[in-house]
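Listed below are the residues making up each chain.
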Amino acid sequence: MAYEEPITDYDHIVENCTCAFCGCNCDDLTYLVKDGHVVGVRHACRLGASKVMEDMDQRLMVPMIRDDNGKLVEVDWDSALDKAAELIAGAVRPVFYGWSETSIETMKYGLELGELVGAVLDNQATICHGPSLQAVQNAGYPVMTLGEVKNRADMVVYTGNNAMNSHPRHLGRYSTFPRGYFRKRGRFDRTVVTMDPRYTDTAKMSDIWVGFEQNGDYEFYNAMRAVLRGKKLKKDIISGIPKEDIEELVESMKNVEFGALFFGLGLTHTLSKQRNIDIAISLIQDLNKFAKWNLIPMRGHFNVNGFNIFMAYEMGFPYGVDFSRGYPRYMNGETNTIDLLTREEPDVFMVIAADPGAHFPGGANRHLANIPVIQIDIHWGPSTELADIVLPGSFIGVEAAGTSYRMDGVPIYMKKAIDKPETCRDDEWIVNELLKRVQKIKGVDAKMASK
Ligand code: SF4
């Protein structure tokens, strides 16, 4: 990597900013500001810094509507909002998807709008840690905070997750390297284990790498539970791992003071999905008969957890919440965005702070190409190609303040550091404006509605 000169040419610094990228929600960032732009970021990893120092070439700057020739053309805010409100108010099966990269304050208006028009509200959990949320409902949630990990953990396990690439400061800030109250020597006081079919960057940082076979998760955890319960393993090799290694690993996991297990998409996206997490949770519960163990799902976006916590608190269900019958319903496989799109049910789709164009399977995106799509976002992306109305929002944690929830459920208030471009609006304002306009179309008294 080429040496880069430190940035010294800036007007002022803003301290204690929160990174709006991954579920680590690092809140120790310093922004260097010059001429109203962030020109440098201190303490962030490369992922976080590259997002904060956003690429203005890609920035969505003005509201746009797709014309009869299929081109997005600039319009004024009133025209774009009126058109979007008209589509939402007239929809039979609207879906509002995304939310994981915006604030809780924005979600509040989104929920009100969703209830009013009978929409489905869903977030990125549907393609990410949704199976973990189902498993939590099945098997329980022995969760901890990242502060407990830092101060207490003497064994850290990463399973089905490559934190060094996806959450680059996780090891440095919370789990492995920091010196904690009971772990004064930091890294030297901890054993780090990675369980993953690939020898990842996280595995390279670990003391033990267990490279079980792809899709071998369920069998592997089953074997660990059997050993933990004093059973003899009948097979010599389980999921590609010799039984002696499994017995040795279980013995060391039984003999810690505080164990922390972090799991990722290696469990949620492989065969058995939620059942992998069911059994990982059961393993943690079994381990608690011998030592203190907890887990945390490695949530992806900085506020994906926030949407789930907010919806569960407000409506009782974490994601895929359907208001079409006038009350909230939640049925996995029925009311999730991918299922709805592949069944070609939605007739209007509002995407906020997400990029389904890039991340949904082709079958789902095919339906998006055939229905009106309203996009609220800060950046151009493949979803913009699918959008019929584009409403440029603002960047939470940089241009707008707002609340987010870290992967362990700790709420963090993200401060504003600079002003947004004049032609853009805050996400919170945009969704509230849509709500007001839809209320007007439907003849609903706003004061009565909010009661
Ligand atoms: S680890 Fe995540 S939250 Fe922390 S700076 Fe990197 S991208 Fe941002």
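Positions within a chain are numbered from 1, following the residues in the order the chain's sequence is written. Under the rules for a predicted model, residues below a pLDDT of 70 receive no local features and side-chain atom pairs below 80 are neither given nor counted, while totals for whole chains, interfaces and linings still include all residues. Based on all heavy atoms of the structure, the side-chain values leave hydrogens and waters out of the count.

As named in an unreviewed UniProt entry, the protein chain is Formate dehydrogenase, nitrate-inducible, major subunit, taken from Methanobrevibacter cuticularis.

1. Some points on the overall build of the protein chain
Helix and strand definitions follow DSSP, with helices as H or I runs of at least four residues and strands as E runs of at least two, each counted in order from the N terminus. Along the backbone of the protein chain there are 19 helices and 21 strands. Computation of the radius of gyration draws on C-alpha atoms alone. For the globule rule, the value is 2.2 Å times the number of residues to the power 0.38. Taken over the C-alpha trace, the protein chain has a radius of gyration of 23 Å; the compact-globule value for 451 residues is 22 Å, and the two agree within 12%. The C-alpha extent of the protein chain, read off along each of the three principal axes, is 70 × 55 × 40 Å. Throughout, exposure labels follow a simple rule: accessible area from a 1.4 Å probe, protein chains only, divided by the maximum for the residue type, with under 20% read as buried, over 50% as exposed, and the rest as partly exposed. The buried share of the protein chain, taken over its 451 residues, is 55%. Areas reported as accessible are Shrake-Rupley estimates using a 1.4 Å probe. Residue values count occlusion only from the protein chains shown. Surface exposure of the protein chain reaches about 19600 Å², of which carbon and sulfur atoms provide 50%.

2. So, the side chain of Ser132
If you trace the backbone, Ser132 turns up in helix α4 (residues 130–139). Here, two residues are considered to be in contact whenever any of their heavy atoms come within 4.5 Å of each other. If near-sequence neighbours (up to four positions away) are discounted, Ser132 is found in contact with Phe263, Thr268 and Ile277.

3. Some words on the environment of Gly326
Following the sequence through the fold, Gly326 ends up in the loop between β15 (321–322) and β16 (329–330). Classification of Gly326 as exposed rests on a relative accessible area of 65%.

4. Focus: the site of the ligand
Each residue is tested against the molecule or strand, and it is near if at least one of its non-hydrogen atoms lies within 4 Å. With respect to spatial proximity, the complete set of residues near the ligand consists of Cys19, Phe21, Cys22, Cys24, Asn25, Cys26, Ala44, Cys45, Gly48, Pro168 and Arg169. The classification used treats Ala, Val, Leu, Ile, Met, Phe, Trp, Tyr, Cys and Pro as nonpolar, Asp, Glu, Lys and Arg as charged, and all other residues, Gly among them, as polar. Taken together, the residues that form the shell around the ligand break down as eight nonpolar, two polar and one charged.

5. A look at the nonpolar core
Of all hydrophobic cores here, the largest spans 42 residues; its most connected members are Ile88, Phe96, Met311, Met350, Leu391 and Leu434. A per-element tally of this core places helix α2 (residues 77–90) first, with seven residues. With near-sequence residues (within four places) excluded, Met350 lies in contact with Ile88, Val95, Phe96, Tyr97, Trp99, Leu113, Ile374, Ile376 and Leu434. Put simply, a nonpolar core is a bunch of buried Ala, Val, Leu, Ile, Met, Phe, Trp, Tyr and Cys residues held in one set by side-chain atoms that sit within 4.5 Å of each other. Ranked by size, the runner-up nonpolar core spans 39 residues in total, among them Val52, Val192, Phe258 and Ala400.

6. Observations concerning the pairing of strand β9 (residues 191–195)
Of all five residues making up β9, four are buried, and the element is well covered by its neighbours. A pair of strands is considered paired only if DSSP assigns at least 2 bridges between the two. When β9 meets strand β10 (residues 208–210), the two strands line up parallel, connected through three bridges. Looking across to β10, one finds that Val193 is bridged to Ile208.

7. Quick word on the UniProt feature "domain: Molybdopterin oxidoreductase" (unreviewed entry) in the protein chain
UniProt positions are given in the numbering used here, feature names are shortened, and annotations may be inferred rather than shown by experiment. Under the feature "domain: Molybdopterin oxidoreductase" (unreviewed entry), the UniProt entry names residues 59–437. Between the end C-alpha atoms of residues 59–437 there is a gap of 26 Å, over a span that is 39% helix and 18% strand.

8. As for the sheet that holds strand β1 (residues 12–17)
The three strands lie next to each other as β1-β2-β3, forming an open sheet whose pairing is antiparallel. Strand pairing shows two members of the sheet lacking a second neighbour, β1 and β3 (37–42), which therefore form its edges. If you compare each strand with its neighbour and ignore which way they point, the axes differ by 30° on average. Judged from the five bridges that link them, strand β2 (residues 29–34) and β3 form a sheet pairing that is antiparallel. Considered in β3, the bridge of Leu32 is made with Gly40. Here an angle of 0 to 180 degrees is reported between the N-to-C directions of two axes, which are lines fitted to C-alpha atoms, with helices fitted over the stretch in contact.

9. Quick notes on the packing of aromatic side chains
The criterion for an aromatic pair is that two Phe, Tyr or Trp rings (for Trp, the six-membered ring) have centres within 6.5 Å, with stacked assigned to planes under 30 degrees apart, edge-to-face to planes over 60 apart and tilted to the rest. This structure, assessed with the given rule, holds twelve aromatic pairs. Ring plane angle 90° and centroid distance 5.9 Å describe the contact between Trp77 and Trp429, whose orientation is recorded as edge-to-face. Of this pair, Trp77 sits in helix α2 while Trp429 sits in helix α18 (residues 427–442), placing them 352 residues apart in sequence. With a relative accessible area of 10%, Trp77 lands in the buried category.

10. A short note on a negative patch on the surface
Patches were defined on residues exceeding 30% relative accessible area and lacking a salt bridge, with like-charge contacts within 9 Å and nonpolar side-chain contacts (Val, Leu, Ile, Met, Phe, Trp, Tyr) within 5 Å. Salt-bridge detection follows one rule: a side-chain nitrogen of Lys or Arg within 4 Å of a carboxyl oxygen of Asp or Glu. The charged-residue count follows a simple rule in which Lys and Arg add positive charge and Asp and Glu add negative charge, with His and chain termini not counted at all. For charged residues, the charge sits on one atom: NZ in Lys, CZ in Arg, CG in Asp, CD in Glu. Together, Glu244, Asp245, Glu247 and Glu248 give the surface a local cluster of negative charge. Tracing the sequence through the fold places Glu247 in helix α10 (residues 243–254). Owing to a relative accessible area of 30%, Glu247 belongs among the partly exposed residues under this scheme.

11. Focus on helix α12 (residues 274–287)
Helix length check: α12 (14 residues) gives 20 Å between terminal C-alpha atoms against 20 Å at 1.5 Å per residue, within 8%. In terms of residue burial, α12 counts as a mostly covered element, since eleven of its 14 residues are buried. For α12, the set of buried residues is Asn276, Ile277, Asp278, Ile279, Ala280, Ile281, Ser282, Leu283, Ile284, Asp286 and Leu287. The elements touched by buried residues of α12 are α4, α9 (217–228), α10, β13 (258–263), α11 (265–268) and β14 (292–297). In a helix, the anticipated span is given by 1.5 Å times the number of residues less one.

12. Quick look at helix α13 (residues 304–315)
With twelve residues, α13 should cover 16 Å at 1.5 Å per step; its first-to-last C-alpha distance of 16 Å lies within 8% of that length. Of the positions making up α13, those classed as buried are Val304, Asn305, Gly306, Phe307, Asn308, Phe310, Met311 and Met315. The inward-facing, buried residues of α13 contact α3 (104–117), β7 (120–123), α4, β15 and β20 (402–405). Taken from the residues just after α13, Gly316 is the one with a positive phi, measuring 90°.

13. Focus: the domain arrangement of the protein chain
Structurally, the protein chain comprises domain 1 (56–126 + 302–396 + 421–442) and domain 2 (130–297). Placing the centre of domain 1 and that of domain 2 at their C-alpha centroids yields a distance of 36 Å. Between domain 1 and domain 2, the contact holds six residues from the first and five residues from the second. Of the roughly 410 Å² buried between domain 1 and domain 2 on both sides combined, carbon and sulfur atoms contribute 52%. Our count for the domain 1 to domain 2 interface comes out at zero salt bridges. Polar contacts here mean pairs of N or O atoms no more than 3.5 Å apart (in protein, one a potential hydrogen donor and the other a potential acceptor; neighbouring residues in sequence count only if both atoms are side-chain atoms). Between domain 1 and domain 2 we count four residue pairs in polar contact (both at pLDDT 80 or more) in total. Tallied by class, residues from the side of domain 1 that touches domain 2 come to four nonpolar, two polar and no charged. The domain limits used here are those given by an automatic or database domain assignment. When two parts are brought into contact, each loses some accessible area as probed by a 1.4 Å sphere; the total of that loss over both is the buried area.

14. Observations regarding the sheet that holds β13
What holds strands together in a sheet is hydrogen bonding between their backbones, with the strands either parallel or antiparallel. With parallel pairing, the five strands of this open sheet are ordered in space as β10-β9-β8-β13-β14. Single-partner strands in this sheet number two, and they are β10 and β14. Put simply, the sheet's adjacent strands are angled 15° from each other on average, direction ignored. Against the sheet, α12 engages β13 and β14, with an angle of about 155° to β14.

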